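Summary of the model geometry
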Amino acid sequence: MEVRDFGRVKVMLGKKNGKYPYGNSILIDDDVTALIDPSLMIREFHQELALPRIDMVFNSHYHEDHGVGNSLFPDAPLYMHPLDAPALRSIDVLFDCYGMDAVSTEAWKPIVVEKYFYDTRDHIVEFTDGQVFDFGHTRMRVMHTPGHTGGHCCFLFEEEELLFVADWDLTWFGPVYGDATSDLADSILSLNRIRDSGAKALVSFHEAGICEENRREVVTQYLDIIYDRERQLLEFLAAPRTLDEIVKKRIVYRKDYSNVVWIDAVEKNSMALHLQLLLQDGRVEWDGTRYVRCSS
Ligand SMILES: [Zn+2]
């Protein structure tokens, strides 16, 4: 496993720079030790890694790929934002948060347990936006960055000038807001905060990995994908369309995801958020059956 050190903060890079279902995890190797988002790689390489005893585990949010290694550390308390913590206390709450239909839920539930080692957790400590954790020499500030999920958080290491941006992952795919707890206006605000954070290294959980150059441009391009999706939706709504027709257009999940059971659900959740903003702004109207672009 490739590891990049930023002082006592170590970025543990997953396969293919953390391409899903893998991910890039953070180890804080200080007087107090901590792991942030223990990925599938941590699980697979746990024996060889010779990690120190882990005192604390943090999850940036409730998604299955971010807590694959949680159960390797049963004695370490799990730290999460209060909006996402309930999903790690009950699998039914997790699936309510995903916002999938019944068929997708039935298909996906056993996979989350068997492949992603989902397990409920008794001891979850909830943190707040701006809270600072001191590990001895290393200090870490929580940055609540909702939109992807309601309680999604980034973690800022001010001295190391490193911001772990978790699933604001700066990939070509663009921001993901397909859950029942997602929010589009919050996503835009969160990405603006990340862009203005001043951190010299942005570390994403997936693919982009460690971004040190042209950081403002990289975040701006990523943010622009939201506006590009909106533009495509408005073009499509030149003629009146039902929500089902909009979902079939696949504006967010563009490539062939026909083998993924939950794809309709996440496309629908994402498009519903775009439509909600466009209706609020008066740029789209709803005739009781179909959506259409306003003429002005
Ligand atoms: Zn996620």
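Before reading further, recall that the structure is shown in the block above.
So, here's what we can say about the structure. (Residues numbered from 1 in each chain as written. Predicted model: local features only at pLDDT ≥ 70, side-chain atom pairs only at ≥ 80, totals over all residues.)

1. Side note on the environment of W262
- Mapping W262 onto the fold places it in the loop between helix 7 (243-249) and helix 8 (263-280).
- Taking C-alpha positions, W262 is 10.0 Å from A102, a pair spaced 160 residues apart along the chain.
- Non-local contacts of W262, meaning those with residues more than four positions away in its chain, are made with M100, S104 and W108. (Helix = DSSP H or I, 4+ residues; strand = E, 2+ residues; numbered from the N terminus. Contact = placed C-beta atoms within 7 Å.)

2. Topic: the sheet that holds strand 7 (residues 124-126)
- The strand order across the open sheet built from seven strands is 1-2-3-4-5-6-7, with neighbouring strands paired in mixed fashion. In this open sheet, the two strands that pair with only one neighbour each are strand 1 (2-6) and strand 7. Looking at each pair of strands side by side, their axes are set apart by 25° on average, direction ignored.
- Bridge analysis of strand 3 (residues 25-29) against strand 4 (residues 33-36) gives four bridges, and the strand direction is antiparallel. Following the sheet pairing, I28 is matched in strand 4 by A34. (Pairing = 2+ DSSP bridges. Axes fitted to C-alpha atoms, helices over the stretch in contact; angles between N-to-C directions.)

3. Considerations on helix 8
- Over its 18 residues, helix 8 extends 26 Å from the first C-alpha to the last, a length consistent with the 26 Å expected when each residue adds 1.5 Å.
- Buried residues of helix 8: A265, V266, E267, N269, S270, M271, L273, H274 and L278, and no others.
- In this structure, the buried side of helix 8 is in contact with helix 4 (102-114), helix 5 (184-195), helix 6 (215-236), helix 7 and strand 14 (284-286).
- Directly after helix 8, the chain includes G282, whose backbone phi takes a positive value near 75°. (Expected span 1.5 Å × (residues − 1). Buried ≥ 20, exposed ≤ 12 C-beta atoms within 10 Å, placed from the backbone.)

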